[in-house]
Amino acid sequence: MVTGLMDEARKLSIYTAYNTNVDAITYLKGETVQRLIDEFGADVVRKRMDEYPRQINEPLDFVARLVHALKTGKPMAVPLVNEELHTWFDSHFDYDVERMGGQAGIIANLLANLDFRRVTVYTPHLAKKQAMMFVPKRNLFYPVIEDGRLVLKHPHEAYREGDPIKVNRIFEFRAGTTFKLGNETITVPFSGRFIVSARFESIRIYTEPELKPFLPAIGQMSDGAILSGYQGIKLRYSDGKDANHYLREAKKDILLLKRERDVKVHLEFASIQNRELRKKVIYNLFPLVDSVGMDEAEIAHVLNALGYSKLADRIFTYNRIEDTVLGGKILIDEMNLEILQIHTIYYIMYITHADNPLNEEELRSSLELATTLAAARASLGEVSSQEDFKVGLNVPYNERGEYVKLRFEEAKRRLRTREYKVVIIPTRLVKNPVSTVGLGDTISAGAFTSYLAMLRKKGAL
Ligand SMILES: Nc1ncnc2c1ncn2[C@@H]1O[C@H](COP(=O)(O)OP(=O)(O)O)[C@@H](O)[C@H]1O
Ligand SMILES: O=P(O)(O)OC[C@H]1O[C@](O)(CO)[C@@H](O)[C@@H]1O
Ligand SMILES: [Mg+2]
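Not measured: the values here are computed from a predicted model.

Attention now moves to the site of ligand 2. Taken together, 17 residues form the shell around ligand 2, and within it Asp-23, Lys-166, Asn-168, Arg-199 and Asp-441 come nearest. Asp-23 is positioned with one of its side-chain polar atoms (N or O) 2.5 Å from an oxygen atom of ligand 2. The contact in question runs from an oxygen atom of ligand 2 to an N or O atom on the side chain of Gln-103, over 3.1 Å. Secondary structure elements with two or more residues in the shell around ligand 2: strand E2 (21-27), helix H6 (103-113), strand E8 (167-173) and strand E11 (192-198). Among the residues forming the shell around ligand 2, the class breakdown is 4 nonpolar, 9 polar and 4 charged. Split by domain, the residues of the shell around ligand 2 number at least three in each of domain 1 (2-20 + 102-163 + 201-457) and domain 2 (25-98 + 165-198).

A few words now on the site of ligand 1. Residues in contact with ligand 1 amount to 18 residues; listed here are only the nearest, Arg-193, Asp-295, Thr-344, Val-430 and Gly-440. Leu-439 is positioned with one of its backbone polar atoms (N or O) 3.3 Å from an oxygen atom of ligand 1. Within the backbone of Gly-440, one N or O atom sits 2.8 Å away from an oxygen atom of ligand 1. In isolation ligand 1 offers 580 Å² of accessible surface; the protein chains occlude 94% of this area.

Here we come to the pairing of strand E6 (residues 140-146). Where strand E5 (residues 118-122) lies against E6, 2 bridges are found, and the strand directions are parallel. Of the residues in E6, the one forming a bridge with Thr-120 is Phe-141. Relative to strand E7 (residues 149-153), E6 runs antiparallel, the two being bridged by 5 bridges. Residue pairing across strands places Tyr-142 opposite Lys-153, the latter belonging to E7.

This brings us to the packing of H6 against helix H17 (residues 439-457). As a packed pair, H6 and H17 sit with axes 9 Å apart at the nearest point and diverge in direction by 60 degrees. Classified by the interaxial angle, the pair formed by H6 and H17 is oblique. Here H6 and H17 pass one another in a crossing that is right-handed. Across the interface between the two elements, Gln-103, Ile-106, Ile-107, Leu-110 and Leu-111 of H6 pack against Asp-441, Thr-442, Ala-445 and Thr-449 of H17. Grouping the constituent residues of the contact of H6 with H17 by class yields 5 nonpolar, 3 polar and 1 charged.

Okay, the packing of helix H4 (residues 59-72) against helix H5 (residues 85-92) next. At a minimum axis distance of 10 Å, the contact between H4 and H5 shows a crossing angle of 60 degrees. The orientation of H4 relative to H5 falls into the category oblique. On H5, the residues that touch Pro-59, Phe-62 and Val-63 of H4 are Leu-85, Trp-88 and Phe-89. Partitioning the contact of H4 with H5 into residue classes produces 6 nonpolar, no polar and no charged.

Okay, the side chain of Thr-442 next. Considering the arrangement of structural elements, one finds Thr-442 in helix H17. Note on Thr-442: relative accessible area 0%, which makes it buried. Excluding residues within four positions of it along the chain, Thr-442 makes contact with Leu-110, Leu-373, Ala-374 and Arg-377.

Bringing the side chain of Asn-168 into the picture now. With respect to the helices, strands and loops of the structure, Asn-168 is situated in strand E8. Of the polar contacts made by the side chain of Asn-168, one reaches the backbone nitrogen of Ala-198; its length is 2.8 Å. Those residues in contact with Asn-168 that lie beyond four places of it in its chain are Asn-21, Val-22, Asp-23, Ala-24, Ile-195, Val-196, Ser-197 and Ala-198.

Moving on to the sheet that holds strand E14 (residues 291-295). The 10 strands lie next to each other as E7-E6-E5-E1-E12-E13-E14-E15-E16-E17, forming an open sheet whose pairing is mixed. A single partner strand is all that each edge strand has here, and the edge strands are E7 and strand E17 (420-426). Taking each pair of neighbouring strands and ignoring which way they run, the sheet shows an average axis angle of 20 degrees. Summarising the sheet, strand E13 (residues 264-268) and E14 pair through 3 bridges and their orientation is parallel. Paired with His-266 across the two strands is Ser-291, which belongs to E14. Across the sheet, helix H14 (residues 360-380) is in contact with strand E15 (339-343), strand E16 (347-353) and E17; its angle to E17 comes to roughly 35 degrees.

About the cut-offs
- Residues numbered from 1 in each chain as written.
- Chains lettered and ligands numbered in written order.
- Predicted model: local features only at pLDDT ≥ 70, side-chain atom pairs only at ≥ 80, totals over all residues.
- Heavy atoms only, no water.
- Near = heavy atom within 4 Å.
- Polar contact = N/O pair within 3.5 Å; in protein donor to acceptor, adjacent residues only side chain to side chain.
- Helix = DSSP H or I, 4+ residues; strand = E, 2+ residues; numbered from the N terminus.
- Nonpolar A, V, L, I, M, F, W, Y, C, P; charged D, E, K, R; others polar.
- Domains from an automatic or database assignment.
- Areas by Shrake-Rupley, 256 points an atom, 1.4 Å probe, with all protein chains shown as cover.
- Pairing = 2+ DSSP bridges.
- Axes fitted to C-alpha atoms, helices over the stretch in contact; angles between N-to-C directions.
- Parallel < 35°, antiparallel > 145°, perpendicular 65-115°, else oblique.
- Left-handed = near helix turned anticlockwise from the far one by under 90°.
- Contact = heavy atoms within 4.5 Å.
- Buried < 20%, exposed > 50% of the residue type's maximum accessible area, 1.4 Å probe, protein only.

Structure, rendered in structure tokens:
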């Protein structure tokens, strides 16, 4: 059934923007973490963990946030604001794997590999190295303006010498890894990734002014748009520009995309450490988009920014289904979203209003496709073809699958859900994933496009 749905989804044309980067991946071993802790001293690390730095200014900030992430097993991302630290990272870690990073880049490659009709990707900075990380597929395009006209070229033909390049450091951690923090023995509870996101002045999240007038045309030729990268906006820049400026432009972009055709827009949320910025992104952009996707740490952060700090703490600490449903209901109501998708390690959930054109079974099948796609990527490292997708079908549901369903039924009885459609599926979880970074992007791309495919079949797109 999901294979048939994938065939439908593949008929779509998708636009995706804004963020791409190079992910430099390190696979963390217990000894590596131990060495870091020993270098700074357990007490010093613990003290900095209590201070909970929101950005990385010096190596100790990194070590403290990394150890915190490992202790909770949560997917976290912390901005790196001090460019000089690259040298420190280089002296402490080997980066064997370099690959496409950033929601827009990952999703563009994925959908192109799955033979979608047309994938148009836009990223404001396209250095040669970045461009070459795009897959050599003929259905993949980058918009270029030539003689005042919109021309679609493959990213390999569209790079600009001299564009800045952004490198994020990814630390993949695995459940069961152990190390000691002083007397405390820490065992990592879940596999995941810790992202050190480069946040430097030179990288901006925006559409170049020459391209902007063509956004209505791009919207018109697309069945859906997947936008992300807003987490990369900084509150202030030295040239006087600020987050308000970039968010105003981001709002214009969405309205322009929708001008000629009410193209559905999905926003893939990513961790924003700064609460002020997080709030701005939520309040400015969520009301303009149709669909939002995020992970469990992110929904907790979002609810916190909206003032629901107790609920946020509960989700962050216990990840209970009932709390996530409650949080999801709050979010789709306050932001009037058409659909919200939350992915967690054990389950994926959709929440819509009761009048959504799709029925619960259809919504579930969209999530089934999403987890199958993620399982394929986790097994293989990359989904390079339609055939690869099928690998996901052989990955069993996680061992808590039945428990998840039970708790969900309980939650539905306890909470008022009549005005909503809430569906959940257990994840297909790969025991030894090649990597986990980008699996959430994969889930969201699979979920949103299959959702669109079903809407289209019903004449609701
Ligand atoms: N080993 C695995 N096998 C299959 N799916 C996984 C595995 N590990 C994580 N996932 C899925 O990937 C999601 C990660 O999403 P997210 O935290 O948004 O990552 P990213 O932002 O790096 O894409 C999890 O919520 C889970 O559903
Ligand atoms: O927030 P940034 O720096 O744009 O980075 C996003 C990060 O999220 C991912 O896209 C995974 O979701 C990584 O590939 C990337 O490093
Ligand atoms: Mg994510």
